[in-house]
Amino acid sequence: MKRMLIALAALTVAAAAQAELKISDAWVRATVPQQQATGVFMNITADKDVKLVAGSSPVAGLVEIHEMVMDGNVMKMRAVPGGLDLPAGKAVELKPGGYHVMLINLKQQIKAGETVPVTLVVEGKDGKKESVEVKAPVRALNAMAGTGAGAPMGAGTGMGMQHQHGMKH
Ligand SMILES: [Cu+2]
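Residues numbered from 1 in each chain as written. Predicted model: local features only at pLDDT ≥ 70, side-chain atom pairs only at ≥ 80, totals over all residues.

Before going further, it helps to examine the overall build of the chain. Within the chain, the secondary structure is distributed over two helices and ten strands. Seen in sequence order, the chain has helices and strands lined up from the N terminus as α-β-β-β-β-β-β-β-β-β-β-α. With 169 residues in all, the chain has 28% of them scored as buried. (Helix = DSSP H or I, 4+ residues; strand = E, 2+ residues; numbered from the N terminus. Buried ≥ 20, exposed ≤ 12 C-beta atoms within 10 Å, placed from the backbone.)

Next up, the structure:
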């Protein structure tokens, strides 16, 4: 009886802290054989202030939240320090050349037409974490920014290359 009460209390706390995430246009960039890493892109809108702090996927040994930064004249990517802010009610775009979820140490080739499950972990201001699963369809290797993103072609291509050699960062 006592154990059951504790379980109920825990559930109530989780429900109160829960943020809702609206995720749209999720996709993963396809890989060539032996490729070690690729990016996952999507639009996320949270209903509370949370941070995207981590992720996991059955196809990757490691998942990181990345941003692109200029290092001299070279665009590089790195893990977002402290996680990616998802302000309440504001759509945050993860797209090629910008923020992305990085799948690292790939266990298999990611082929166009498949769907990759990715679990995202967000942290609220109270430090509570919750996870959301996204099923992201795979798009061809040369796929550019998703619907409506309209990134300039030249810049996008260069960053795409950086992605394919993601293990160097
Ligand atoms: Cu990356």
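Now that the structure has been shown, we can carry on.
Of the strand pairs in this sheet, strand 2 (residues 37-46) and strand 8 (residues 100-106) are connected by four bridges, and their pairing is antiparallel. Bridged to Thr38 within strand 8 is Leu103. In this sheet, strand 8 lies alongside strand 4 (residues 60-71) in antiparallel orientation, the contact comprising six bridges. Counted as the bridge partner of His66 is His100 from strand 8. (Pairing = 2+ DSSP bridges.)

Once that is clear, we can look at the nonpolar core. Grouped burial of nonpolar side chains is what soluble globular proteins tend to show. In terms of nonpolar packing, the biggest core is built from 31 residues, with Val40, Met42 and Ala136 touching the most fellow members. When residues in this core are grouped by element, the largest group, six residues, is from strand 2. In contact with Ala136, other than residues within four places in its own chain, are Ala26, Trp27, Val28, Val40, Met42, Thr115, Val116 and Val118. (Core = buried A, V, L, I, M, F, W, Y, C linked by C-beta atoms within 7 Å. Contact = placed C-beta atoms within 7 Å.)

Quick look at the pairing of strand 2 now. Among the ten residues of strand 2, eight are classified as buried, and the element is accordingly described as predominantly covered. Here six bridges tie strand 1 (residues 21-29) to strand 2, and the two strands are oriented antiparallel to one another. Within the sheet, the bridge partner assigned to Ser24 lies in strand 2 and is Asn43.

What follows deals with the confidence of the model for the chain. On average, residues of the chain score 83 in pLDDT, and 74% of them reach the 70 mark or higher. Here residues 145-169 is a poorly scored stretch, pLDDT under 50, and it has 42 contacts once near neighbours within four places are set aside; other chains count. (pLDDT = per-residue confidence, 0-100.)

It is worth spelling out unusual backbone geometry at this point. Of note, Asp25 is a non-glycine position whose phi angle comes to about 55 degrees, a positive value. Checked against the element boundaries, Asp25 lands in strand 1. The exposure class assigned to Asp25 is partly exposed, which follows from the 17 C-beta atoms found within 10 Å. The backbone of Asn105 shows a phi angle near 55 degrees, a positive value even though the residue is not glycine. The exposed category is assigned to Asn105, around which 12 C-beta atoms lie within 10 Å.

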